[in-house]
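# Examination of the molecular architecture
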Amino acid sequence: MAELPKAYEPGAVEDKWYPRWLEEGRFTADPSSGKPPYSIVIPPPNVTGVLTMGHVLNNTIQDILARRARMGGAEVLWLPGTDHAGIATQTVVERQLRKEEKKTRHDLGREDFLKRVWAWKEKHGGIIIQQLKKLGCSCDWTRERFTMDEGYSRAVLQTFVDLHAKGLIYRGKRMVNWCPVSLTALSDEEVIPKPQKGYLYHFKVEVIEAPGTFLEIATTRPETIMGDTAVAVNPRDPRYRKFIGKHARRPLPTENQAALPIIGDEAVDFEFGTGVLKVTPAHDQADHEIGLRHNLPAIDIMNPNGTMNELAGEDFQGLDRFEARVEAVDKLKELGLLVKEEPYENNVGFSERADVPVEPRLSEQWFLRYPKTAEARAAVREHLIRFFPDRWEKVYDHWLENIRDWCISRQLWWGHRIPVWYIDPDDPAKGMKVQAESPGPGWTQDPDVLDTWFSSWLWPFATMDDATLARFYPTSALVTGPDIIFFWVARMIMAGLEYRGEIPFRHVYFTGIIRDKLGRKMSKSLGNSPDPLELIAKYGADGLRFGLMRIAPQGQDIRFDEQQIVEGRNFCNKLWNACRFRLMQGPIDPSADPGAHALSPFARDILAKLDATIASIDGAFAQYRFNDIAQALYDFVWGEFCDRFIEAAKADFSGEDAARRAGTLASIDHVLSRVLRLLHPVAPFITEELWHSLGFGGDTIQLADWPSPDGRWNDGDAAARAAAAYDSAARARNLRAEFNIPSAKRLRWVLRPKAAWVAPETHVLRALLNASDIETLAPRARAPKGTPSCLTEIGEFFLPLEGVIDIEAETQRLSKELLKARADLDKIRAKLANPSFVEKVPADVLEEHRDRERRAVETARHIEDRIASLR
C-alpha cells in the first residue's frame, strides 16, 4: 500500500502505466493458451487519420469488451491495424506535391509517386496508432496490420484471381458513379444522396414532321442536352403516343441541331415534368437503359474532370459542367425555346470522399457479382450473427435483397493494382492473363487499382496467420458504425462465408453518431468537433472514456456536451478521495470477508446494493448497453457508496465499538476491491493505480477475477432501515436549508423516533446530519416551542433555532415571501375565474394554469407552516 496524493493527476498515472503494460506484454495474445478465446478486429482507421470523437467512442467500447473478457478468464486478441485509404491518401500526397513542388503525380510517374506515398505513410501514418495508445487501448500491437503489407496484399490479389476464375469478376462498359475531383469510379455505397435546391427547366423541341408543333420537356440538367440522342414518351400516354416514330430537333449545340427519334418506352413517368423525356444515354443510368433497349448511340460530352469536351460544341467546350448549365439556359432563351424555370428540390448523389456531385459516366470497369449472398442473409436472419441494436437487421436484409454488382476498380495509383495483364492494353482480345505475378516481358498490367473496401472485406481473417486463425476465428464481436453496414459489414460476412466457410464474427454492435448540442454532425468546417487529445489533457483518458460512455445509449446518436466529460473527471476524483479516506483508517485487507464480522444495517445494505449493481452490469454487458454500465457504476459509487455509506461509516470510525468498526472496514475493502474491477474496463488507468496503491494485488488488475454477486446480503430489514435513515437525514437537511443555515454549521437536533432500532443508530444519524448532538425525545414528550420539524420514516426531527438564527428577522422574511406567494396565487385565480380566458385558451394552456394554481397553494401553505413553526 502507498499513500495517495491529495489530488488525482491523470497524466502522470497514464504515463506510468501504459508503457509498463506494453513492457509486460499485457495485451499480447497467446494462440497456445488453454483459456477460452475472445477476439475483436479493430475497424482499421485510415492511415491518413487522426483521432476523432467517433474513434474515441468506437475504440473505448472495443477496449471495454477486451478488458472485461480478460478479467473473465479469456485469452483475448484485439487485433489493430490501419487501412491504406486509396482515395484519401493519394489526395493528401498529391495536394502536398502541388503545394511544395508545383507538380502532379503524372510529372513524377507512377513508380516515383508511389515511393512518395510510402514515404508519407512511414512519416505520418502512425499518428492515430499513438493516439489510440494515449486513450488506453489494449490492442495486441505486436500484430498490427496494414492493408498494403506484403502478406495482406498477396491475399487481396489472390482473392481477385480466385473470384475471376469462378466467373464472379468481369470487365464491362457500364454506367458508373464518377467523381470528377478524385477522377475515379465509385461504388453505389460511396455515393451519399443529399437534398439540393435547384431548378426544373422547361424547354421545347420542335417536331420535324409537324413544323410549328412543339413538345415541352422538363429537366434539371440542361447542360446535357448536347448529349441527347432521343426523345421518349410513354406509349400508353394519349397525349404523345401519336408522335412515336417521328423526330424532334435537338436545340443544342446550335451548330449541330440533330434530328432525334421520338421513341416509346414504358420507363417514362407520366407524372414527372411534362411526361416527355430527353434521353442522354451517356450521362444518366435510366437513360442508358432506355438507350440499350432502343439501340441508341451514347454521346459522352464531358471530360473526366467534369468539364465539357469538343462533342458538346464550341460554345460549351472547356466550361465546367455547372457553368455549362448556365450557358445552356442562356442559349435556350436566345432561341426562344426556354418555357420556364421553377424551383425544384431533389436528391443529388455526392462523392463521399470529395463531397462533390458525382457524374453518371459510361466507363470500362471491373465488377464483382457478390458471392454467398443467400447464406449472408440467412446468417443474420437465423441469428448466427446478432446485431445490436437489432433494428439494423432489416436494413441489412433489404440491401442484400436488392444488391447490385460491385464496381471494384478505381482509377488511382495508390492501392492494390489489379492483377490483370495484357499484351495490348487497348485490345484485351490479343491476350489477357489474370494472375498475381507478371507473366514476363511483353505484358502490361492493368493501370487501375482495387476499391479500398475490396481489401478490407478480408480483414477478419487475412490479418491472421494459421495458428491465430485456428484459435481466434471466428471473432467474438465487431464494433462499428451503421454507416458502413454495406461498405464493410455485409461484405465481410460474404467474404468469410466464401473463404473460411463460416461467419467472421458472432455479434455486431453499431454505435451512434456523435453530434454537437444542436444535433449537427461534428466537422472541422463547423468548428464543433473537439480534439480528443485536448480533452484527455484536461480531464484524463478515464474521464473522457467514462463521461462519453454515460451519454452513449445503444445505437442512438449522441449529443456531445463537454460537461459530461467534466463529470467523468469528477467521478474519478470522487473515487480517488474515497480511497484516500479508506487509507486514513488503517491497513486494507485485500481478502476482507464482511461475513466474518457483525455488520451494521448500513454495511449489509451496501453489500446487497453491490450485488445488485454487479448483476445489473452483467446484464447490460450481455445486451451491449454501455451507457447503462457507466450509469450503474456512477449511481453506486457516487450515490450509494460515497454519499451515503462512507458518510455513515464515519460514525463507526469515530465510535468505540471495535467489532462494528471492523465490520465496516471489511465491508469497505470488499466493496472497493469489486468496484475497481467493475470499473476497470471503462477507466483502466485510475483503477490500475488504485489497485496497487491500496494493496489489492501484486499483479495487474487486468487479470483480476471479474466480480460476481455474493448472494449473502439479501436482508430486507437492513435495506429498509438503511433507506429510512438515509432518506430521513435528507429530509432533515432540507429543513435546515429552508432556513438558510450553512451546511457546514453543526447543529443540535431533537428526534422523536418511531422504532426501537433508531436510538442505537443516532451516532450514524449525527454523522449524516453533521450534527453536534441528537437528543432523543420520548414518545409523548413535547418539543420546545418555536422549533420547526419534519416528519420522516424514522420519526420526527426537530430543529431548535434559538441562538442559531434571528427568529424575528426570519419570521419577517418569510412573511414577505408569503405575501408574494399569495399575490401570485390571486393572479392565477383571477385568470381562472375569467370565463373568456377559460373558454378561449387551448386545453393544455388551461391545464397548465390549474397546475400553477395547485403549486401556488402548496407554496403558500408551506411558508405558513414555516412561520407557524417559528411562533
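Once a new chain begins, its residue numbering starts again from 1 and follows that chain's sequence as written. Reporting of local features is limited, given that this is a predicted model, to residues whose pLDDT is at least 70; pairs of side-chain atoms are given and counted only at 80 or more, and all residues count toward the totals for whole chains, interfaces and linings. Note that water and hydrogens are dropped before the side-chain values are worked out from all heavy atoms of the structure.

## Quick look at the overall build of the protein
Secondary structure elements follow DSSP: runs of H or I of four or more residues count as helices, runs of E of two or more count as strands, with numbering from the N terminus. Within the protein one finds 27 helices and 29 strands. The reference for a compact globule is 2.2 Å times residues^0.38; the radius of gyration itself is calculated from the C-alpha atoms. For 871 residues, the compact-globule estimate of 2.2 N^0.38 gives 29 Å, and the C-alpha radius of gyration of the protein, at 37 Å, exceeds that figure by more than 25%. Projected onto its principal axes, the C-alpha positions of the protein cover 115 × 85 × 55 Å. For the protein, the residues scored as buried account for 52% of the 871 residues in total. In this description, contact between two residues means that some pair of their heavy atoms is separated by no more than 4.5 Å. Restricting the contact set of the protein to residue pairs at least 6 apart, pairs at least 24 apart contribute 77%. In these tables, accessible area is a Shrake-Rupley quantity obtained with a 1.4 Å probe, and a residue counts as shielded only by the protein chains included in the view. Here the protein has roughly 38500 Å² of accessible surface; of this, 49% comes from carbon and sulfur atoms. Two residue types count as positive, namely Lys and Arg, and two as negative, namely Asp and Glu; His and chain ends fall outside the count. The atom standing in for a charge is NZ when the residue is Lys, CZ when it is Arg, CG when it is Asp and CD when it is Glu. Within the protein, the 126 negative side-chain charges are centred at a point lying 4 Å from the centre of the 115 positive side-chain charges. Note on exposure labels: buried denotes an accessible area under 20% of the residue type's maximum, exposed denotes more than 50%, and partly exposed covers the range between, all computed with a 1.4 Å probe on protein chains only.

## Some words on the nonpolar core
Counting residues in hydrophobic clusters, the biggest one holds 193 residues, and the most contacted among them are Leu65, Phe387, Phe454, Phe626, Phe641 and Trp749. Of all the elements, helix 20 (residues 626-654) adds the most residues to this core, at 16 residues. What we call a nonpolar core is a set of buried Ala, Val, Leu, Ile, Met, Phe, Trp, Tyr and Cys residues that are connected through their side-chain atoms within 4.5 Å. Listed in part, the 28 residues of the second largest apolar core include Leu215, Ala248, Val276 and Leu332.

## A short note on the pairing of strand 11 (residues 259-264)
Looking at chain direction, strand 9 (residues 230-233) and strand 11 are connected through 3 bridges and run parallel. Bridging across to strand 11, Val233 finds its partner in Gly264. One bridge is not enough; two strands pair if DSSP finds at least two bridges between them. Bridge count between strand 10 (residues 247-249) and strand 11: 3 bridges; the pairing is antiparallel. Residue Arg249 lies in a different strand from strand 11, and its bridge partner there is Ala259.

## Describing the sheet that holds strand 26 (residues 747-753)
If you walk across this open sheet you meet the 4 strands as 27-26-29-28, and the pairing is mixed. In this open sheet, the two edge strands, each paired with only one partner strand, are strand 27 (771-776) and strand 28 (789-792). Shown here is a sheet whose adjacent strand axes are inclined to one another by a mean of 25 degrees, direction ignored. Think of each axis as a best-fit line through the C-alpha atoms, taken over the contacting stretch in the case of a helix, with angles from 0 to 180 degrees between the N-to-C directions. Contacts between helix 23 (residues 716-738) and the sheet are confined to strand 26, strand 28 and strand 29 (795-798), with strand 28 contributing the most and set at about 160 degrees to the helix.

## Side note on the pattern of salt bridges
Charged atoms that come close allow side chains of opposite charge to pair. What counts as a salt bridge is simple: a side-chain nitrogen of Lys or Arg found within 4 Å of a carboxyl oxygen of Asp or Glu. Taken as a whole, this structure holds 60 salt bridges when the rule is applied. With its nearest N and O atoms 3.1 Å apart, the salt bridge here joins Arg854 to Glu847. Given the relative accessible area of 43%, Arg854 is considered partly exposed. Connected through salt bridges with shared partners, the residues Arg221, Glu223, Arg321, Arg325 and Glu359 form a single ionic network.

## Description of the sheet that holds strand 19 (residues 432-434)
The strand order 19-18-20 describes an open sheet built from 3 strands, whose pairing is antiparallel. Of all strands in the sheet, those bounded by a partner on one side alone are strand 19 and strand 20 (444-445).

## Looking at the side chain of Gln411
Summarising the element assignment, Gln411 is placed in the loop between strand 17 (409-410) and strand 18 (420-422). A relative accessible area of 16% places Gln411 in the buried class. Two N or O atoms form a polar contact when they lie within 3.5 Å of each other; inside protein one atom must be a possible hydrogen donor and the other a possible acceptor, and for residues adjacent in sequence the pair counts only when both atoms belong to side chains. Of the polar contacts made by the side chain of Gln411, one reaches the backbone nitrogen of Ala185; its length is 2.8 Å. Among the polar contacts made by the side chain of Gln411, one reaches the side chain of Asp448 at a distance of 2.8 Å. Ignoring anything within four residues of it in the chain, the contact list for Gln411 reads Arg105, Trp178, Leu183, Thr184, Ala185, Gln365 and Asp448.

## So, the packing of aromatic side chains
When the centres of two rings from Phe, Tyr and Trp lie within 6.5 Å, Trp using its six-membered ring, the rings pair. Their planes under 30 degrees apart give stacked, over 60 give edge-to-face, and anything left gives tilted. Considering all chains together, one arrives at 40 aromatic pairs under this definition. Look at Trp453 and Phe487: their rings are 5.0 Å apart centre to centre, the planes differ by 10 degrees, and that puts the pair in the stacked class. Highlighted residues: Trp453 in helix 12 (residues 452-456) and Phe487 in helix 15 (residues 485-499), separated in sequence by 34 residues. Taken as a pair, Trp453 and Phe487 share a single burial class, namely buried.

## A few points about unusual backbone geometry
Of note, the bond from Phe388 into Pro389 is cis; its omega dihedral lies within 30 degrees of zero at -5 degrees. Look at the link from Tyr473 to Pro474: it is a cis peptide, with omega at 0 degrees. On the secondary structure map, Pro474 appears in the loop between helix 14 (466-472) and strand 22 (475-480). One non-glycine residue, Asp355, lies in the positive phi region at around 60 degrees. Mapped onto the elements of the fold, Asp355 is located in the loop between strand 13 (338-351) and strand 14 (359-368). On the basis of relative accessibility, which here comes to 44%, the residue Asp355 falls in the partly exposed class. Its identity as a non-glycine residue notwithstanding, Lys372 has a phi of 55 degrees, on the positive side.

## Description of helix 6 (residues 127-135)
Along helix 6, the residues classified as buried are Ile128, Ile129, Gln131, Leu132, Lys133 and Leu135. Where helix 6 is buried, its residues touch helix 1 (10-23), helix 2 (53-71), strand 3 (81-82), helix 16 (532-539), helix 17 (541-550) and helix 22 (684-693). Gly136 occupies a position one or two residues after helix 6 and carries a positive phi of about 100 degrees.

## What about the environment of His247?
Here His247 shows up in strand 10. On the basis of relative accessible area, His247 is assigned to the partly exposed category, the value being 28%. As a C-alpha pair, His247 and Val566 span 319 residues in sequence and 72 Å in three-dimensional space. A polar contact of 2.8 Å, which involves the side chain of His247, links it to the side chain of Glu209.

## Comments concerning the state of the cysteines
Only a pair of cysteine sulfur atoms within 2.5 Å qualifies as a disulfide here. Taken as a whole and judged by the stated rule, the model has 0 disulfides. Cysteine Cys407 shares no disulfide, and the gap to the nearest cysteine sulfur, in Cys179, comes to 13 Å. Free cysteine Cys642: the closest other cysteine sulfur is in Cys579, separated by 8.2 Å. Assessed through its relative accessible area of 6%, Cys642 is described here as buried.

## What to know about the side chain of Thr480
Tracing the backbone through its elements, the reader meets Thr480 in strand 22. Under the relative-accessibility criterion, Thr480 is labelled buried at 1%.

## Here we look at the packing of helix 2 against helix 6
The N-to-C vectors of helix 2 and helix 6 enclose an angle of 60 degrees; their axes lie 11 Å apart at closest approach. Relative to helix 6, helix 2 is oriented oblique. Note on packing geometry: the crossing formed by helix 2 with helix 6 is right-handed. When helix 2 is examined against helix 6, the residues His55, Val56, Asn59 and Thr60 are found in contact with a partner set consisting of Ile128, Leu132 and Leu135. Note on terminology: angles under 35 degrees are roughly parallel, angles over 145 are roughly antiparallel, angles of 65 to 115 are roughly perpendicular, and the others are oblique. Rotating anticlockwise by less than a right angle from the far helix to the near helix defines a left-handed crossing, while the corresponding clockwise rotation defines a right-handed one.

## Re helix 15
For a helix, the expected span equals 1.5 Å multiplied by the residue count minus one. Taking 1.5 Å of rise per residue, the 15 residues of helix 15 would be expected to cover 21 Å, and the 20 Å separating its terminal C-alpha atoms lies within 8% of that figure. For helix 15, the buried fraction is high: 13 of the 15 residues fall into the buried class. Once helix 15 finishes, Gly501 follows within two positions and takes phi at roughly 75 degrees, a positive value.

## A word on the packing of helix 19 (residues 601-622) against helix 23
Where helix 19 meets helix 23, the closest approach of the two axes is 8 Å, and the angle between their N-to-C directions is 105 degrees. Classified by the interaxial angle, the pair formed by helix 19 and helix 23 is roughly perpendicular. Across the interface between the two elements, Pro601, Phe602, Arg604 and Asp605 from helix 19 touch Ala718, Ala719, Arg721, Ala722, Ala725 and Tyr726 from helix 23. For the contact of helix 19 with helix 23, the class distribution of residues is 7 nonpolar, no polar and 3 charged. By the convention adopted, Pro, Cys, Tyr, Trp, Phe, Met, Ile, Leu, Val and Ala count as nonpolar, Lys, Arg, Asp and Glu as charged, and the other residues, Gly among them, as polar.

## As for the environment of Ala683
By the element assignment, Ala683 lies in the loop between helix 21 (658-679) and helix 22. Owing to a relative accessible area of 1%, Ala683 belongs among the buried residues under this scheme. Taking C-alpha positions, Ala683 is 49 Å from Pro360, a pair spaced 323 residues apart along the chain.

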